[in-house]
Structures are given as C-alpha cells and as structure tokens.
Amino acid sequence: MIQLNLNNIDNDFFASAWELYEEAFPVYERRTLKAQSHLLKNPVYKFDVFIEKNVFIGFIMWWDFKDFQYIDHFAVTKSQRNKGNGAKILEDFIKGNSKPTLLEVELPDSSINTKRIKFYERLGFKLNQHEYKVPSSIDDRKIDLLVMTYPRLISQEILQEFVSNNHSVIFKSF
C-alpha cells in the first residue's frame, strides 16, 4: 500500500478522498472545501491518502502537535472495508510515529459506534471516559464525544491541556 501526503486539492486522489470524507462524516463534523484547501498549507496538518494498485483505499487527516498526534478524520472506502486495510493503515501510522496518538469517537449509543470503538481497541487504543466536547462546524452547539488514546489512557488534566493548546487550531476553520 502506498501512502501519499496531499498538500493541495489538485492532487489526482483528492477528489476520491473528498467524496469519501463527505460520505463518511456528518456535515457538523466536516470542514468546507475552501477551509480544507487552506488547511493543507498548515505545516502541522497532514492529509494522507492510501493507494493499492492505483485504487484509492482511504485517508487519514491528522495533526502533528508537540505532545500528541491527533487523528482528525480517518476513513476507508466501503469497497475496501473488512479486508484489514483500516487496521493496516492505523498500525503503520502508530509504528511510524513516536508520540502518543489521540482520536475522537462518538458515544457508544449505537451498534456502529460500539463497533468502531471495538475496532480501535483491537489496535491498542484506550477509551478515556472524560467529558469531552467539540464545536459543530455548522452551528453553535457542542458535540459530546469520547477520546481514545494510544498507547495508554490519559488523565483529565492532560486532556484539558490538549484542548487548551490545540482546539483553537483544530477547529479554527469551523
């Protein structure tokens, strides 16, 4: 599997990645195309796509912060799911990075959300039970989520420090 870092929306695989992004995430968790295009110029933001035999597999949009690597969005195309591709992408991501990894998941209030949490747990992520909210991209509401971290749980204080140091950057384009 080939990993390509996209730094502009003119890349051949950007259209496929953007289509998957719009399909995989609710509108209140997404950036606009204009905001995404601007964000690709930020040196700590990465938009990596994964290709196998010239077939688009999926993507990870992530931030390389001082103390954490934060996975902002991760998705695999429907046709490539349940083949081990998502696990391989995340395992390689973890192995290739020395900092702890943080990502967000929806509350386990549906079977798909619970299945997603179990997927991350099989890869070694830990489900933190701290209260955690993020802004909606379309209105003033706050969205309740949970944080998963690799390789270990984090304290409420560390999570709050992450929020204080990074949310203004992550959600600036919302």
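Not measured: the values here are computed from a predicted model. (Residues numbered from 1 in each chain as written. Predicted model: local features only at pLDDT ≥ 70, side-chain atom pairs only at ≥ 80, totals over all residues. Heavy atoms only, no water.)

A. Focus on the environment of K142. Along the chain, K142 falls in strand β7 (residues 142–150). The class for K142 is exposed, based on a relative accessible area of 52%. A C-alpha to C-alpha distance of 9.9 Å links K142 and Y28, two positions 114 residues apart in sequence. Ignoring anything within four residues of it in the chain, the contact list for K142 reads K133, V134 and P135. (Helix = DSSP H or I, 4+ residues; strand = E, 2+ residues; numbered from the N terminus. Buried < 20%, exposed > 50% of the residue type's maximum accessible area, 1.4 Å probe, protein only. Contact = heavy atoms within 4.5 Å.)

B. Looking closely at unusual backbone geometry. For the bond from Y150 to P151, the omega torsion is 15°, close enough to zero to count as cis. On the secondary structure map, P151 appears in the loop between β7 and α5 (156–170). Phi at K53 takes a positive value of approximately 50°, unusual for a residue other than glycine. Note on placement: K53 falls in the loop between β2 (45–52) and β3 (55–64).

C. Quick look at the nonpolar core. In terms of nonpolar packing, the biggest core is built from 33 residues, with F47, V49, F56, F59, Y70, L102 and F162 touching the most fellow members. Sorting elements by how many residues they give to this core places helix α1 (residues 14–24) first, with five residues. In contact with F162, not counting residues within four places along its chain, are F65, F68, Y70, L102, Y132, H167 and I170. (Core = buried A, V, L, I, M, F, W, Y, C linked by side-chain atoms within 4.5 Å.)

D. Structural context of the layout of surface pockets. Of the voids in this model, the largest pocket is the one considered here, and its volume is about 1000 Å³. Surrounding the largest pocket, 38 residues form its lining, F74, A75, R81, R116 and Y120 being those nearest its centre. Secondary structure elements with two or more residues in the lining of the largest pocket: α1, β4 (69–76), α3 (85–95), β5 (101–106), α4 (111–122), β6 (126–135) and β7. Examining the composition of the lining of the largest pocket, we find that seven residues originate from one element, β4, more than from any other. Its residues assigned to classes, the lining of the largest pocket comprises 21 nonpolar, six polar and eleven charged. (1 Å grid on protein atoms, 1.4 Å probe; cavity = no way out; pocket = protein on both sides within 12 Å on 5 of 7 lines; lining within 4 Å. Points joined across faces, edges and corners; volume = space filled by probe spheres on them. Nonpolar A, V, L, I, M, F, W, Y, C, P; charged D, E, K, R; others polar.)

E. Summary view of the side chain of D48. Within the secondary structure layout, D48 lies in strand β2. For the buried D48, no salt bridge is present, and the opposite-charge side chain at shortest range is K46, 7.6 Å distant. Looking at D48, its side chain comes within polar contact range of the side chain of Q3, at 2.9 Å. Side chain to side chain, D48 and N5 meet in a polar contact 2.8 Å long. Those residues in contact with D48, other than ones at most four positions away along the chain, are Q3, L4, N5, G58, F59, I60 and W62. (Lys, Arg positive; Asp, Glu negative; His and termini not counted. Salt bridge = Lys/Arg side-chain N within 4 Å of Asp/Glu carboxyl O. Polar contact = N/O pair within 3.5 Å; in protein donor to acceptor, adjacent residues only side chain to side chain.)

F. Spotlight on the pattern of salt bridges. On inspection of all chains with the given rule, the structure shows seven salt bridges. D92 is paired through a salt bridge with K88; the nearest N and O atoms lie 2.8 Å apart. Of the two residues, D92 and K88 both sit in helix α3, four residues apart, roughly one turn of that helix. The salt bridge partner of E106 is R116, with a shortest N-O separation of 3.0 Å. One end of the pair, E106, is in strand β5; the other, R116, is in helix α4, with ten residues separating them in the sequence. Among the residues examined, E106 registers a relative accessible area of 23% and is labelled partly exposed.

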